[in-house]
Amino acid sequence: MNSHAQVRAAMPNVAPTPSQTELRPKEGQRFGHIVSVSGSQAIASLDVALPQNVNRIEIGALVKIAAARASVIGIVSGMSSPMPGEGSEDKEIRLVELNLAGEISTDEESGALAFRRGISNSPALGDMVTYVSRDELASVYLQPKASTIDVGTLFQDPMVPAHFLVDELFGKHFLVVGSTGSGKSCAITAILQRVLEDHNHAHIVVLDVHNEYAQAFGDRVERITANNLRLPFWLLNFQEICAALTGSDSHHDAEVQILSEAIVAAKKRSAGTPTRRLSGKGTAITVDTPAPYLLSDLIAYLDEQLGKLERAQATLPYLRLKNRIEALIADARYGFMFRSVMVEDTMASVLSQIFRIPAEDKPITVIELAAVPAEILDVVISLIARLAFDLAVWSEGRMPMLLVCEEAHRYAPAQDGDKFMPTRLALARIAKEGRKYGVALGLATQRPSELDTTIISQCSTVIAMRLSTDRDQDVMRSNTHDGALDLLNYLPVLGDREAIVLGQGVPMPMRIKFRDLNETAVPRSRKDGFSAAWKSGNIGRAELEEIVQLWRATGRFVG
Ligand SMILES: Nc1ncnc2c1ncn2[C@@H]1O[C@H](COP(=O)(O)OP(=O)(O)O)[C@@H](O)[C@H]1O
Ligand SMILES: [Mg+2]
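## Observations regarding the overall build of the protein chain
1) Next: Along its length, the protein chain carries 18 helices and 18 strands.
2) Next: A separation of at least 24 residues holds for 72% of the contacts in the protein chain among residues at least 6 apart in sequence.

## Focus on unusual backbone geometry
1) Next: The residue after Ile 357, namely Pro 358, is reached through a cis peptide bond having omega -5°.
2) Next: For Pro 358, the position within the fold is in the loop between helix H11 (347–355) and strand S13 (364–368).
3) Next: The backbone of His 173 sits at a positive phi, close to 65°, despite the residue not being glycine.
4) Next: As for its placement among the helices and strands, His 173 is situated in the loop between helix H4 (166–171) and strand S10 (174–177).

## Some points on the nonpolar core
Burial of nonpolar side chains together is a common tendency in soluble globular proteins.
1) Next: Judged by nonpolar contacts, the single largest core of 150 residues is most densely connected at Val 205, Ala 388, Leu 403 and Ala 464.
2) Next: Excluding residues within four positions of it along the chain, Leu 403 makes contact with Val 205, Ala 385, Ala 388, Ile 430, Val 439 and Leu 441.

## Focus: the environment of Ala 291
1) Next: For Ala 291, the location among the structural elements is in the loop between helix H7 (252–271) and helix H8 (295–308).
2) Next: We classify Ala 291 as buried; it has 21 C-beta atoms within 10 Å.

## So, the site of ligand 1
1) Next: The environment of ligand 1 is made up of 17 residues, and the closest members are Gly 183, Lys 184, Ser 185, Cys 186 and Leu 517.
2) Next: Looking at the shell around ligand 1 residue by residue, the class counts come to six nonpolar, seven polar and four charged.

## With respect to the pairing of strand S6 (residues 113–117)
1) Next: One ladder, built from five bridges, connects strand S5 (residues 93–106) with S6; its direction is antiparallel. When the sheet's bridge partners are listed, Ser 105 is paired in S6 with Ala 114.

## Notes on the environment of Gly 505
1) Next: When you line up the elements, Gly 505 lands in the loop between strand S17 (498–503) and strand S18 (510–514).
2) Next: Considered as a pair, Gly 505 and His 163 are 342 residues apart in the sequence and their alpha carbons are 9.0 Å apart.

## With respect to the packing of helix H12 (residues 374–394) against helix H14 (residues 421–437)
1) Next: For the pair H12 and H14, interaxial distance at closest approach is 9 Å and the crossing angle is 20°. In terms of axis orientation, H12 runs roughly parallel to H14. Considering the relative orientation of H12 and H14, their crossing is left-handed. Touching Asp 378, Ile 381, Ser 382, Ala 385, Arg 386, Ala 388, Phe 389, Ala 392 and Val 393 of H12 are Pro 422, Thr 423, Ala 426, Leu 427, Arg 429, Ile 430, Gly 434 and Tyr 437, all from H14.
2) Next: Among the residues making up the contact of H12 with H14, the classes are represented as eleven nonpolar, three polar and three charged.

## Some words on the confidence of the model for the protein chain
1) Next: Confidence in the prediction for the protein chain averages 84 pLDDT; 86% of positions are at 70 or higher.
2) Next: Predicted confidence is poor over residues 1–23, with pLDDT under 50, and the contacts of this stretch with residues over four places away or in other chains come to 29 contacts.
3) Next: Here residues 274–280 is a poorly scored stretch, pLDDT under 50, and it has 14 contacts once near neighbours within four places are set aside; other chains count.

## Concerning the sheet that holds strand S12 (residues 221–224)
Think of a sheet as strands paired side by side through backbone hydrogen bonds, with each pair either parallel or antiparallel.
1) Next: Taking strand neighbours across the sheet as the criterion, the eleven strands line up as S9-S8-S18-S17-S16-S10-S15-S14-S11-S13-S12 in an open arrangement whose pairing is mixed. Edge positions in the sheet fall to strand S9 (161–165) and S12, since each of these pairs with one other strand and no more. Going from strand to strand, the sheet's axes swing by 25° on average, the running direction of each strand aside.
2) Next: Direction of pairing for strand S14 (residues 401–405) relative to strand S15 (residues 439–445): parallel, over a ladder of five bridges. Each residue of the ladder has a partner; that of Leu 403, found in S15, is Leu 441.
3) Next: Lying over the sheet, helix H5 (residues 184–197) contacts strand S8 (148–154), S9, S10, strand S11 (204–208), S13, S14, S15, strand S16 (461–464), S17 and S18, oriented at roughly 140° with respect to S8.

## Quick word on the packing of H7 against H8
1) Next: Where H7 contacts H8, the two axes come as close as 9 Å, and the packing angle between them is 125°. Regarding the angle of H7 to H8, the classification is oblique. As for the relative orientation of H7 and H8, their crossing is right-handed in sense. Across from Ala 262, Ile 263, Ala 265, Ala 266, Arg 269 and Ser 270 in H7, the residues of H8 making contact are Asp 297, Leu 298, Tyr 301 and Leu 302.

## Points about H7
Along an α-helix, a turn takes 3.6 residues, which lines up residues three or four apart on a common side.
1) Next: For H7, spanning 20 residues, the distance from its first C-alpha to its last is 28 Å, which sits close to the expected 28 Å at 1.5 Å a residue.
2) Next: Buried within H7 are the following residues: Glu 255, Ile 258, Leu 259, Ala 262, Ile 263, Ala 266, Lys 267 and Ser 270. Seen along its axis, H7 keeps its buried residues to an arc of 165°; they face one direction. For H7, the exposed residues set more than 90 degrees away from the buried face come down to Asp 253 and Gln 257.
3) Next: On the buried face of H7, the contacting elements are helix H6 (238–245), H8 and helix H9 (312–330).

## Examining the environment of Tyr 437
1) Next: As for its position among the elements, Tyr 437 is in helix H14.
2) Next: Along the sequence, Tyr 437 and Met 401 sit 36 residues apart, while their C-alpha atoms lie 9.3 Å from each other.
3) Next: When residues no more than four places from it in sequence are discounted, the contact partners of Tyr 437 are Ala 392, Val 393 and Gly 397.

Each value, and the rule that gives it
- Residues numbered from 1 in each chain as written.
- Chains lettered and ligands numbered in written order.
- Predicted model: local features only at pLDDT ≥ 70, side-chain atom pairs only at ≥ 80, totals over all residues.
- Helix = DSSP H or I, 4+ residues; strand = E, 2+ residues; numbered from the N terminus.
- Contact = placed C-beta atoms within 7 Å.
- Core = buried A, V, L, I, M, F, W, Y, C linked by C-beta atoms within 7 Å.
- Buried ≥ 20, exposed ≤ 12 C-beta atoms within 10 Å, placed from the backbone.
- Near = placed C-beta within 6 Å.
- Nonpolar A, V, L, I, M, F, W, Y, C, P; charged D, E, K, R; others polar.
- Pairing = 2+ DSSP bridges.
- Axes fitted to C-alpha atoms, helices over the stretch in contact; angles between N-to-C directions.
- Parallel < 35°, antiparallel > 145°, perpendicular 65-115°, else oblique.
- Left-handed = near helix turned anticlockwise from the far one by under 90°.
- pLDDT = per-residue confidence, 0-100.
- Expected span 1.5 Å × (residues − 1).
- Arc of directions from axis to C-beta.

So, in structure tokens, the structure goes:
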């Protein structure tokens with residue numbers, strides 16, 4: 001099958017609406033000529049008399065420039081009319097700004113059209129500018145040799161599917177930006193659903209901070225909720241356990257010191273027990289060794305030390321640590337982490353569940369974190385990101401994995417501040433070194449200006465949806481590497497589920513519309529629903545009783 005037949009096979013089976021056909025200018029039709037070329041930018045002047053439909057040249061559309069030895073493809077990135085004709089269109093000068101993206105040539109053997117990024121034949125003044133044909137569009141946007149997924153259609157021509165390159169998209173991190181409601185979560189769902197279709201042995205972990213994704217993946221998803229989440233506290237590194245157990249006031253340093261001694265003592269105590277299998281004889285135990293120990297041993301150590309102390313003042317940090325540990329053990333909300341009464345080495349089973357090893361027909365894990373208390377959520381995300389990276393390193397990159405994280409600006413903020421640092425470090429480490437070991441990030445944020453810029457610039461593919469604030473747009477422009485940055489000027493006017501996609505995950509920059517998700521797959525959105533719920537009734541007294549039961553069972557107020 002040549003690439004065109006393949007495109008047709010992949011095209012959505014819908015007839016174009018009359019307005020779409022009318023608005024589509026004829027393929028190959030001339031509409032202007034080049035009047036300026038500088039670097040990768042060019043400007044075309046529109047011909048004076050153009051049929052009505054041809055005036056519709058939109059941002060993000062592709063055009064073809066007949067250069068001397070090749071057809072150069074440009075993306076429309078701006079339009080202007082520096083000398084508007086007064087009433088008479090004849091005198092009006094209309095300019096179209098173009099980003100030169102690549103070249104199209106005909107493969108000599110197969111006769112198929114082939115597209116290449118980069119320009120080796122620069123256009124010259126006067127070169128003719130024409131519309132691209134549907135076949136040409138398809139050859140630009142479909143790379144038959146690479147593994148691709150179709151996620152929607154081109155804005156320019158809804159009959160041509162938009163393809164992402166799987167290896168490039170996942171291999172080098174991607175970032176989805178857009179205001180709330182622009183369709184970020186739906187875009188991620190559209191991508192992941194397609195990937196799952198023919199990748200049975202994927203390892204995808206979604207950190208679902210709003211509990212909205214699980215229903216989109218049917219029986220292909222391992223759904224981890226507050227009830228079956230198991231992340232034993234002894235997997236935490238020292239920084240993480242300090243964040244969970246120590247206060248942040250003047251006693252902090254003393255508590256940290258005591259805690260480190262207590263943890264080493266507790267690990268040594270557990271190392272002798274028969275259930276212990278990890279780290280063979282002779283392995284030095286440090287405060288960071290991911291080896292099981294018991295909280296009761298921590299408390300016993302603290303009690304021992306307390307017994308030796310005489311001055312009341314010196315006992316304070318010990319007492320506070322002990323109280324905090326006891327409170328966490330008693331609190332049902334922390335059960336997934338702090339309730340374990342046996343020294344049991346469950347590390348392999350924890351990793352197997354989260355990272356789908358083996359996948360067993362469920363190549364994606366959605367970890368629902370909405371119910372995890374805010375003060376421990378950072379610790380949990382830090383831990384999972386760190387486990388992903390360490391597992392990738394220890395397995396020498398043999399199991400490529402993708403970690404999807406929404407609200408990325410909350411976990412990897414641009415500003416230092418009182419935010420929890422280990423999460424940012426763990427995400428930054430994957431961003432910088434993950435590709436060596438086959439661990440990739442898929443990040444989403446509505447506030448890119450608050451996201452760590454080094455992380456943004458490590459994302460090789462940017463999926464930019466409607467974004468209205470200037471600050472956010474500036475950050476995207478200065479941290480994205482691609483020739484077609486001008487397109488980012490148009491983020492405020494993009495429609496719902498429309499995106500400008502830049503970077504290596506696509507054959508070339510494109511403006512697309514994500515496909516329609518099945519209604520049941522749409523990530524739950526909390527913003528709609530007032531009107532419907534208020535009209536049709538919502539919860540009754542019996543349900544309220546159940547809710548109170550549940551609430552009470554957790555033993556504490558949420559806040
Ligand atoms: N591809 C899509 N298919 C179906 N509905 C969509 C799609 N994209 C967006 N929507 C609609 O827009 C709403 C907001 O999308 P969502 O992805 O939750 O936005 P965001 O995550 O950016 O806040 C969804 O609840 C849904 O109704
Ligand atoms: Mg969302």
